[in-house]
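If you want the building blocks of each chain, they are given just below.
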Amino acid sequence: MPAAAPKKEGDTKTYKFGDIEVLLTPNKLGTYTAIRIPNPSRRSMFFSITVRVTGPSGYAVTMKREFPSIQPGDSAREAGLLIDKGGAPVPTDPMAQIVAFEQVES
């Protein structure tokens, strides 16, 4: 899924994939990654998303989250610190990509 050009505020980059937002903030240990998925429909929805965060020197981490029942007008939110298991250095300018997304009525 292609993203609009990210916006940068301080150390945080915000990627927008349609209505989905992915925020990336690098720190000493890894990349703090926050996801927000709004539910603009009139029905409760199940969302599943997999985000890949990459950078130079082989930095590559994946975050998969499932949100079983997001009510109409609400947003699914999740955040976590992603650490490269191979020990690649944390990029100062990480990049986000959605590699899988599922949306189903719940």
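Basis of the calculations
- Residues numbered from 1 in each chain as written.
- Predicted model: local features only at pLDDT ≥ 70, side-chain atom pairs only at ≥ 80, totals over all residues.
- Heavy atoms only, no water.
- Helix = DSSP H or I, 4+ residues; strand = E, 2+ residues; numbered from the N terminus.
- Rg over C-alpha atoms; globule rule 2.2 N^0.38 Å.
- Buried < 20%, exposed > 50% of the residue type's maximum accessible area, 1.4 Å probe, protein only.
- Contact = heavy atoms within 4.5 Å.
- Areas by Shrake-Rupley, 256 points an atom, 1.4 Å probe, with all protein chains shown as cover.
- Lys, Arg positive; Asp, Glu negative; His and termini not counted.
- Charge placed at Lys NZ, Arg CZ, Asp CG, Glu CD.
- Salt bridge = Lys/Arg side-chain N within 4 Å of Asp/Glu carboxyl O.
- Pairing = 2+ DSSP bridges.
- Axes fitted to C-alpha atoms, helices over the stretch in contact; angles between N-to-C directions.

S.K.: Just to check I follow, could you spell out the overall build of the protein for this structure?
M.R.: Within the protein, the secondary structure is distributed over zero helices and eight strands. The N-to-C order of helical and strand elements in the protein reads β-β-β-β-β-β-β-β. Computed over its C-alpha atoms, the radius of gyration of the protein comes to 14 Å, within 12% of the 13 Å expected for a compact globule of 106 residues. When the backbone C-alpha atoms are referred to their principal axes, the protein occupies close to 45 × 25 × 20 Å. Looking at the protein residue by residue over its 106 residues, the buried ones come to 39%. For the protein, the share of sequence-separated contacts (at least 6 apart) that also reach a separation of at least 24 residues comes to 59%. On the protein, roughly 6200 Å² of surface is accessible, and the fraction owed to carbon and sulfur atoms is 51%. Across the protein, the 13 positively charged side chains and the 11 negatively charged ones have centroids separated by 2 Å.

S.K.: What should I look at first to understand the environment of Thr62 in this one?
M.R.: Looking at where Thr62 falls in the secondary structure, it is placed in strand β6 (residues 60-70). Thr62 sits in the partly exposed class, given a relative accessible area of 49%. In this structure, the C-alpha to C-alpha distance between Thr62 and Val51, residues eleven residues apart in sequence, is 5.7 Å.

S.K.: Mind showing me how you'd approach the pattern of salt bridges here?
M.R.: Two side chains bearing opposite charge may form a pair once their charged atoms approach each other closely. Applying the stated criterion across every chain yields a total of five salt bridges. Between Glu21 and Lys16 there is a salt bridge; the shortest N-O distance is 3.4 Å. Overall, the relative accessible area of 18% leaves Glu21 in the buried class. Ionic pairing is found between Arg43 and Glu105, a salt bridge with its closest N-O pair at 3.6 Å. Taken together, the residues span a long stretch of sequence, with Arg43 in the loop between β4 (31-38) and β5 (45-54) and Glu105 in strand β8 (residues 95-105) at a distance of 62 residues. As far as burial versus exposure is concerned, Arg43 and Glu105 are alike and both exposed.

S.K.: Can you help me understand the sheet that holds β5 in this one?
M.R.: Backbone-to-backbone hydrogen bonds join strands into a sheet, with any given pair of strands oriented parallel or antiparallel. The strand order across the open sheet formed by three strands is β6-β5-β8, and the pairing between neighbours is antiparallel. Each having just a single partner strand, β6 and β8 make up the two edges of the open sheet. Across the sheet, the axes of successive neighbouring strands diverge by a mean angle of 10 degrees, strand direction being ignored. For β5 and β8, the ladder comprises ten bridges, and the chain directions are antiparallel. Across the sheet, the residue bridging to Phe47 is Gln103, located in β8.

Keep in mind these numbers describe shape, not what the thing actually does.
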